[in-house]
Amino acid sequence: MSKAARAWQRMLSGRRLDLIDPSPLDIEIADIAHGLARVARWNGQTKGAEIFSVAQHCLLVEALVGALAPQADRKARLFALLHDAPEYVIGDMISPFKAVIGGDYKTIEARLLAAVHLRFGLTAEAPPEAIALIKDADRAAAWFEATALAGFSTTEAKKLFGAPDIALSGVAAYLAPMRPAKAQEAFLIRFAELDDHPETTPAARKPIR
């Protein structure tokens, strides 16, 4: 009988995360922040000496949620910050490639995201209104990243993502590529500001046996 292929990844925290059947108990915010800060958006095809990381993208999307809907509550903004969290283990595939792969990739991504949500006291799936808001913010983030960092013309970006009714000056600070350690720190700080479960912060993690 052939041995089953390994489907888990060991994290720096010591957790073993099963990618097919992920458990919320094996998810740590420190692992997420570390991974996302080292995953490049746009396959690394961005301007600057540093990559523009998924961690920075998540910070940008969360800020745009606040700009688009100032009334958005803490949970909606936490859903936004974590919207690409699965990419800390499966990486960031550009949208055209995701469309080609489809099925299995999206299923694994959805399971990981649900486990992340549950780990941090959220519902497995975000409410429909939060999902719609995050999608709008994600498209706006893509526009800003595409035109400021990824070499797209405004005409091309408008066709692909639509042009948001938000001034660049309001998000410019989020578009300066950071060194990974700095992006990781910024992500953890914002998470701590939004999280109302102190036991989920890195300092409160239980030792792994």
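Before going further, it helps to spend a moment on the overall build of the chain. Broken down by element type, the chain carries nine helices and two strands. For the chain, buried positions account for 43% of its 209 residues. If you take every contact in the chain between residues at least 6 apart in sequence, the share linking residues at least 24 apart comes to 65%. Working note: accessible area of the chain is about 11,100 Å², and carbon and sulfur atoms make up 56% of it.

Take the nonpolar core next. One broad rule of soluble globular proteins: the nonpolar side chains tend to lie buried together. Formed by 54 residues in total, the largest nonpolar core has its most connected members in Ile32, Leu82 and Phe187. Elements that contribute at least two residues to this core include exactly α1 (29-36), α2 (54-68), α3 (74-81), α4 (87-90), α6 (103-119), α7 (128-148) and α9 (180-194). Take this core: its biggest share by element is nine residues, from α7. Among residues more than four places away in sequence, those in contact with phenylalanine 187 are Ile29, Ile32, Ala33, Leu36, Ala55, Cys58, Leu59, Leu81 and Leu82.

A few words on the pattern of salt bridges. Inspection of the entire model under this criterion finds ten salt bridges. Measuring nitrogen to oxygen at the nearest pair gives 2.5 Å for the salt bridge that ties glutamate 62 to arginine 77. Of the two residues, glutamate 62 is situated in helix α2 and arginine 77 in helix α3; the sequence distance between them amounts to 15 residues. Residue class for glutamate 62 comes out buried when judged on its relative accessible area of 3%. The salt bridge involving arginine 74 is made with aspartate 196; its shortest N-O contact spans 3.2 Å. Here aspartate 196 lies in the segment after α9 and arginine 74 lies in helix α3, a separation of 122 residues in the sequence. We classify arginine 74 as partly exposed; its relative accessible area is 25%. It is possible to trace a salt-bridge network through shared partners that takes in Glu62, Arg77, Arg190 and Glu193.

One way to put it is that α2 packs onto α9 with a least axis distance of 9 Å and a crossing angle of 35 degrees. Helix-helix and strand crossings are classified by hand; for α2 and α9 the assignment is left-handed. On α9, the residues touching Ala55, Gln56, Cys58, Leu59 and Glu62 of α2 are Ala183, Ala186, Phe187, Arg190 and Leu194. Residue classes in the contact of α2 with α9 are distributed as seven nonpolar, one polar and two charged.

A word on α9. An ideal rise of 1.5 Å per residue puts 21 Å on 15 residues; α9 measures up with 21 Å between its terminal C-alpha atoms. Elements in contact with the buried residues of α9: α1, α2 and α3.

Applying the stated criterion across every chain yields a total of four aromatic pairs. Look at phenylalanine 120 and phenylalanine 191: their rings are 5.0 Å apart centre to centre, the planes differ by 70 degrees, and that puts the pair in the edge-to-face class. With phenylalanine 120 in the loop between α6 and α7 and phenylalanine 191 in helix α9, the pair connects residues that are 71 residues apart, well separated along the chain. On the basis of relative accessible area, phenylalanine 120 is assigned to the buried category, the value being 1%.

Moving on to the environment of alanine 76. Structurally, alanine 76 can be placed in helix α3. For alanine 76, a relative accessible area of 13% corresponds to the buried category. Sequence separation between alanine 76 and glycine 66 is ten residues, and the spatial gap between their C-alpha atoms is 9.4 Å.

Right, let's talk about the confidence of the model for the chain for a bit. Keep in mind that low pLDDT regions are not for reading the predicted coordinates in detail. Here the chain averages 90 in pLDDT, while 87% of its residues score no lower than 70. Counting contacts from residues 203-209, a segment whose pLDDT is below 50, to residues more than four positions away or on other chains yields nine contacts.

What follows covers the environment of isoleucine 27. Within the secondary structure layout, isoleucine 27 lies in the loop between β2 (16-18) and α1. Here the alpha-carbon distance between isoleucine 27 and histidine 117, two residues 90 residues apart in the chain, equals 9.9 Å. Residues contacting isoleucine 27, with those up to four places away along its chain left out, are Leu17, Ile32, Tyr88, Leu112, Ala115, Val116, Arg119 and Phe120.

Thresholds, definitions, all that
- Residues numbered from 1 in each chain as written.
- Predicted model: local features only at pLDDT ≥ 70, side-chain atom pairs only at ≥ 80, totals over all residues.
- Heavy atoms only, no water.
- Helix = DSSP H or I, 4+ residues; strand = E, 2+ residues; numbered from the N terminus.
- Buried < 20%, exposed > 50% of the residue type's maximum accessible area, 1.4 Å probe, protein only.
- Contact = heavy atoms within 4.5 Å.
- Areas by Shrake-Rupley, 256 points an atom, 1.4 Å probe, with all protein chains shown as cover.
- Core = buried A, V, L, I, M, F, W, Y, C linked by side-chain atoms within 4.5 Å.
- Salt bridge = Lys/Arg side-chain N within 4 Å of Asp/Glu carboxyl O.
- Axes fitted to C-alpha atoms, helices over the stretch in contact; angles between N-to-C directions.
- Left-handed = near helix turned anticlockwise from the far one by under 90°.
- Nonpolar A, V, L, I, M, F, W, Y, C, P; charged D, E, K, R; others polar.
- Expected span 1.5 Å × (residues − 1).
- Phe/Tyr/Trp six-rings, centres within 6.5 Å; stacked < 30°, edge-to-face > 60°.
- pLDDT = per-residue confidence, 0-100.

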